[in-house]
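Residues per chain, in single letters:
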Amino acid sequence: MADESVENDQSAPETLPLSKRAQKRLVKQKHQEEKKAARKAAEKERRRLDLERRRREWEAELAAAPDEGERTRLVESRRAVRRERVEKRAGEREARIGRLRAAAGCGGQRIAVDLDFAGLMTPAELSSLAQQIMYCYSVNGRCASPVHLWLTGCYGDIEAQLKKVPGFDKWIIERENRPYIEALQDEKANMVYLTADAETVVDELDPKKIYIIGGLVDRNRWKGITMKKATDQGIQSARLPITTYLKMSSSQVLTVNQVFEILLKFLETKDWKTAFFKVIPPRKISESEGVAAAAADDKGDDKEDGEDEEGDIGDREEGDIGGDGEKGDVGGDDEGDVGDDGGGDVGDEIERKRQRTEQSIGA
């Protein structure tokens, strides 16, 4: 038995000490997680205090009413405002559904997210990827001319993560549990894998092509894996013309939702530079480039403040859109107005979160 114990001890792998770089990375990651938790707690407390303030104001308004008839009028007026808001949301939702169905049925630009890398990711990374895809779906629905979005290799752990998203089963997208190379085998000649390692640069988006985005959140553990996959499968690969229009202060690797929104912006504007500066977070752009872009925006772009930070929502905390928001805890403008639109419309919830994020950025 003693010999067996010695053998087991000898066969057990030794734990190697972490390098200084790895230790710094862990410290930085822990610091970011603490900041993220503090930010969420502060936002939740802000919402709670805001709800309490509005409730007190409403009670004071009712109490100040001179008679029962005036109180009844105030209540009816409040209900009418709520009904109007609900009807407006319903109309916007129907319009969004109509646009998405038209894109799927009338040959909209096809973009596929390759989810076949799920086995290479940790549970936290899978959760981040699911939230990035959630943002892709939301921004596609808000777009005036949405694309035909595919999720391929959607099975197992990543499917389980996506099913946690409210309303996922009602999304108007193409879901395939097979890899894209099987699900779209007749379209192999039209497939283009978008990867930062490709030599070919995308100049225009061809409506006949299917552009594939690698669904991978890996913190740079699997460098070159998407390029290798495209090469092994014998399909085309290409990269976005980022270096043609701006200088990155760090890696050119972007999150899934950023790449997706850049493609949407380009389809809308036909201008790569505009698409990049509207989506890529300013912290990833070289300072001189960022100053030049800001000057250009001041001259001719009167878009609402913070719009160029939109794509940073998914990237800021590895795709932390929706975060730990509680169902019905977002967007209740009045007492008792929680979940007016059914609680299952992820697009509305993300849009409200995006607006709050833009307001905090502008502040």
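Nothing here was measured: the structure is a model prediction, and the numbers come from that model. (Residues numbered from 1 in each chain as written. Predicted model: local features only at pLDDT ≥ 70, side-chain atom pairs only at ≥ 80, totals over all residues. Heavy atoms only, no water.)

A separate point is the overall build of the protein. Counting secondary structure elements, the protein contains 13 helices and 6 strands. Counting across all 363 residues of the protein, residues that qualify as buried make up 41%. Restricting to contacts in the protein with at least 6 residues of sequence separation, those with at least 24 account for 76%. Within the structure as shown, the protein displays about 20500 Å² of accessible surface, and the carbon and sulfur contribution to it stands at 49%. (Helix = DSSP H or I, 4+ residues; strand = E, 2+ residues; numbered from the N terminus. Buried < 20%, exposed > 50% of the residue type's maximum accessible area, 1.4 Å probe, protein only. Contact = heavy atoms within 4.5 Å. Areas by Shrake-Rupley, 256 points an atom, 1.4 Å probe, with all protein chains shown as cover.)

With that out of the way, let us pick up unusual backbone geometry. For Lys270, which is not a glycine, the phi torsion comes out positive at approximately 60 degrees. For Lys270, the location among the structural elements is in the loop between helix H9 (256-269) and helix H10 (272-279).

For the rest of this paragraph, the subject is the packing of helix H3 (residues 68-105) against helix H4 (residues 123-142). Where H3 meets H4, the closest approach of the two axes is 8 Å, and the angle between their N-to-C directions is 100 degrees. Comparing the axis directions of H3 and H4 gives the class roughly perpendicular. Side by side, H3 and H4 meet where Arg96, Arg99 and Leu100 of the first sit next to Tyr137, Asn140, Gly141 and Arg142 of the second. Residues of the contact of H3 with H4, tallied by class, amount to 2 nonpolar, 2 polar and 3 charged. (Axes fitted to C-alpha atoms, helices over the stretch in contact; angles between N-to-C directions. Parallel < 35°, antiparallel > 145°, perpendicular 65-115°, else oblique. Nonpolar A, V, L, I, M, F, W, Y, C, P; charged D, E, K, R; others polar.)

A word on the environment of Ile213. Checked against the element boundaries, Ile213 lands in strand S5 (residues 210-214). The spatial distance from the C-alpha of Ile213 to the C-alpha of Val256 is 6.8 Å, given a sequence separation of 43 residues. With near-sequence residues (within four places) excluded, Ile213 lies in contact with Ile111, Ala112, Val113, Asp114, Tyr193, Leu194, Val256, Val259, Phe260 and Leu263.

Glancing now at the pattern of salt bridges. One pass over the structure, following the stated rule, counts 16 salt bridges. Across the pair Arg48 and Glu45 runs a salt bridge, and its minimum N-O distance is 2.5 Å. With Arg48 and Glu45 both in helix H2 (residues 20-63) and 3 residues apart, the pair spans about one turn of that helix. Look at Arg48 and you get partly exposed, because its relative accessible area is 39%. (Salt bridge = Lys/Arg side-chain N within 4 Å of Asp/Glu carboxyl O.)

Turning our attention to the pairing of strand S4 (residues 191-194). Of the two faces of S4, the one lined by Met191 and Tyr193 and the one lined by Val192 and Leu194 are each fully buried. Pairing of S4 with S5 involves 4 bridges; the strand directions are parallel. By the bridge assignment, Met191 is partnered in S5 with Ile210. Sheet analysis places S4 next to strand S6 (residues 236-238), joined by 3 bridges and oriented parallel. Within the sheet, the bridge partner assigned to Tyr193 lies in S6 and is Ser237. (Pairing = 2+ DSSP bridges.)

In this section: the confidence of the model for the protein. Per-residue pLDDT for the protein averages 77, and the proportion of residues at 70 or more is 73%. Between the elements of the protein, mean pLDDT differs from a low of 34, seen in helix H12 (residues 312-316), to a high of 95, seen in S4. Considering only residues more than four positions removed or in separate chains, one finds that residues 294-344, a stretch of pLDDT under 50, has 117 contacts. (pLDDT = per-residue confidence, 0-100.)

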